[in-house]
Amino acid sequence: MSVVVELPTRADTHAFGRRLAGLLRAGDLVLLTGPLGAGKTALTQGIGAGLGVLGDITSPTFVIARVHRPDPARGGTVGLVHADAYRLGDATDPRAEIDDLDLDASLDDSVTVVEWGEGLAEHLTESHLHIRLDRHDDDTRTAELVPVGGDWPTRITTLSPV
């Protein structure tokens, strides 16, 4: 079971991230896949805004991971760890590179979003939400939410297609 959401604009992608943040809780792992320009960082920016975290959400491609603490003034209670696995994978065991980032150290008390994480980060938790983003020729985007284990199938049913 999956949910597909149409995202006509970047603003819609951001707004959907804010809506998704309402379902997220500490310990959640969200894996984002899709081609360059599909909206992975824009979606994460919306998630960060919805969670009420500190700092600008920018692509962590060159730093690999960024930690955003909750901002109580913005209603934040849960932090966000935003990682980018795009440059990982050259090692014999690419999952070891993810392990070296020590993401599981903050997994229990934060929402962890990993761009390009498919095939690398699933082992961090028993369940996760996989979001496949696609960019179409007319520059619109589609997000397919695929729940993996846990209570994700029930949780995403509240995100009816936009």
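From a predicted model like this one, the values you see are computed outputs, not experimental measurements.

Asker: I'm lost on helix α1 (residues 10-21) in this one. Help?
Answerer: Residues spaced three or four apart along an α-helix face the same direction, because each turn holds 3.6 residues. Compared with an ideal rise of 1.5 Å per residue, which puts 12 residues at 16 Å, α1 spans 17 Å between its outermost C-alpha atoms and is within 8% of the ideal. Among all positions of α1, only Thr13, Phe16, Gly17, Leu20 and Ala21 are buried. One side of α1 holds all its buried residues, which, seen down the axis, span an arc of 145 degrees. In the core, the buried residues of α1 are packed alongside β1 (3-7), α2 (40-51), β6 (128-135) and β7 (141-148).

Asker: Just checking my understanding: could you explain the pattern of salt bridges for this structure?
Answerer: By the definition in use, this model includes six salt bridges. Salt-bridge contacts for Asp139 lead to Arg141; the nearest nitrogen and oxygen are separated by 3.7 Å. Residue class for Asp139 comes out partly exposed when judged on its relative accessible area of 36%. In this structure, a network of salt bridges that share partners links the residues Arg25, Asp28, Asp151 and Arg155.

Asker: Quick question: what am I supposed to make of α2 here?
Answerer: When the terminal C-alpha atoms of α2 are compared, their 16 Å separation across 12 residues agrees well with the 16 Å that a helix rising 1.5 Å per residue should span. In terms of burial, α2 is a largely internal element, 11 of the 12 residues being buried. In this fold, the buried residues of α2 make contact with α1, β2 (29-33), β4 (79-84), β5 (110-115) and β6. Just downstream of α2, Gly52 is the residue with a positive phi angle, here 70 degrees.

Asker: What is the right way to read the confidence of the model for the chain from this model?
Answerer: If pLDDT is low for a region, its predicted coordinates should not be looked at in detail. The predicted model of the chain averages 81 in pLDDT, with 74% of residues at 70 or higher. The low-confidence segment residues 98-105, where pLDDT is below 50, has 17 contacts with residues more than four positions distant or belonging to other chains.

Asker: Is there a simple way to think about the side chain of Asp28 in this case?
Answerer: Structurally, Asp28 is set in the loop between α1 and β2. Of the residues examined, Asp28 reaches a relative accessible area of 7% and is grouped as buried.

Asker: What am I meant to see in the nonpolar core here?
Answerer: Core analysis: the largest hydrophobic core is formed by 28 residues, its most contacted members being Leu20, Ile47, Leu80, Leu129, Ile131 and Leu145. Taken together, the elements giving at least two residues each to this core come down to β1, α1, β2, α2, β5, β6, β7 and α5 (152-156).

Asker: Mind showing me how you'd approach the environment of His82 here?
Answerer: Relative to the elements of secondary structure, His82 occurs in strand β4. Spatially, the C-alpha atom of His82 lies 8.5 Å from that of Val111, the residues being 29 residues apart in sequence. For His82, the side chain forms a polar contact with the side chain of Glu115, separated by 2.7 Å.

Asker: Mind showing me how you'd approach the pairing of β6 here?
Answerer: Each regular strand shows side chains that alternate between the opposite faces of the sheet. As defined by bridge partners, β2 adjoins β6 across four bridges and the pair is classed as parallel. If you follow Thr33 over to β6, its bridge partner there is Arg132. Here β6 pairs with β7 via eight bridges, running antiparallel. Bridging from a neighbouring strand, Ile131 pairs with Leu145 of β7. Following β6, the chain reverses through five residues before pairing antiparallel with β7; Asp139 in that reversal takes a positive phi of roughly 75 degrees.

Asker: Can you walk me through the packing of α1 against α2 in this structure?
Answerer: Helix-helix packing is characterised by the crossing angle of the two axes and by the distance between the axes. Relative to each other, α1 and α2 sit at 45 degrees, their axes nearing to 6 Å. In terms of axis orientation, α1 runs oblique to α2. In this structure, the crossing between α1 and α2 has a hand that is right-handed. The residues of α2 that touch α1, namely those facing Arg10, Thr13, His14, Phe16, Gly17, Arg18, Leu20 and Ala21, are Ala42, Leu43, Gln45, Gly46, Ile47, Ala49, Gly50 and Leu51. Looking at the contact of α1 with α2, its residues break down into eight nonpolar, six polar and two charged.

Conventions adopted
- Every chain begins its residue count from 1, and numbering advances along the sequence as written.
- Only residues with pLDDT of at least 70 get local features here, since the model is predicted, and only at 80 or more are side-chain atom pairs given and counted; chain-wide, interface and lining totals rely on the full set of residues.
- Based on all heavy atoms of the structure, the side-chain values leave hydrogens and waters out of the count.
- Segments assigned H or I by DSSP are reported as helices when at least four residues long, segments assigned E as strands when at least two residues long, and all are numbered from the N terminus.
- A helix is expected to span 1.5 Å for every residue after the first.
- Burial classes: relative accessible area under 20% of the type maximum marks a residue as buried, over 50% as exposed, and values in between as partly exposed (1.4 Å probe, protein chains only).
- The arc under discussion is defined with respect to the helix axis, by the directions toward the C-beta atoms.
- It only takes one pair of heavy atoms within 4.5 Å for two residues to be counted as in contact.
- Salt bridge criterion: a side-chain nitrogen from Lys or Arg within 4 Å of a carboxyl oxygen from Asp or Glu.
- For every residue, the pLDDT score states the predictor's confidence, bounded by 0 at the bottom and 100 at the top.
- Residues belong to one nonpolar core when they are buried, are Ala, Val, Leu, Ile, Met, Phe, Trp, Tyr or Cys, and are joined through side-chain atoms within 4.5 Å.
- We call two N or O atoms a polar contact when they sit within 3.5 Å, provided that within protein one can donate a hydrogen and the other can accept it, with sequence-adjacent residues counted only if both atoms are side-chain atoms.
- Strands are treated as partners if at least two bridges between them are detected by DSSP.
- To obtain each axis, a line is fitted to C-alpha atoms, and for helices this fit is confined to the stretch in contact; angles are then taken between N-to-C directions over 0 to 180 degrees.
- Roughly parallel here means an angle under 35 degrees, roughly antiparallel means over 145, roughly perpendicular means 65 to 115, and every remaining angle is called oblique.
- When the near helix sits turned anticlockwise from the far one by under a right angle, the crossing is termed left-handed; a clockwise turn instead gives a right-handed crossing.
- Each residue gets one label: Ala, Val, Leu, Ile, Met, Phe, Trp, Tyr, Cys and Pro are nonpolar, Asp, Glu, Lys and Arg are charged, and the others, such as Gly, are polar.

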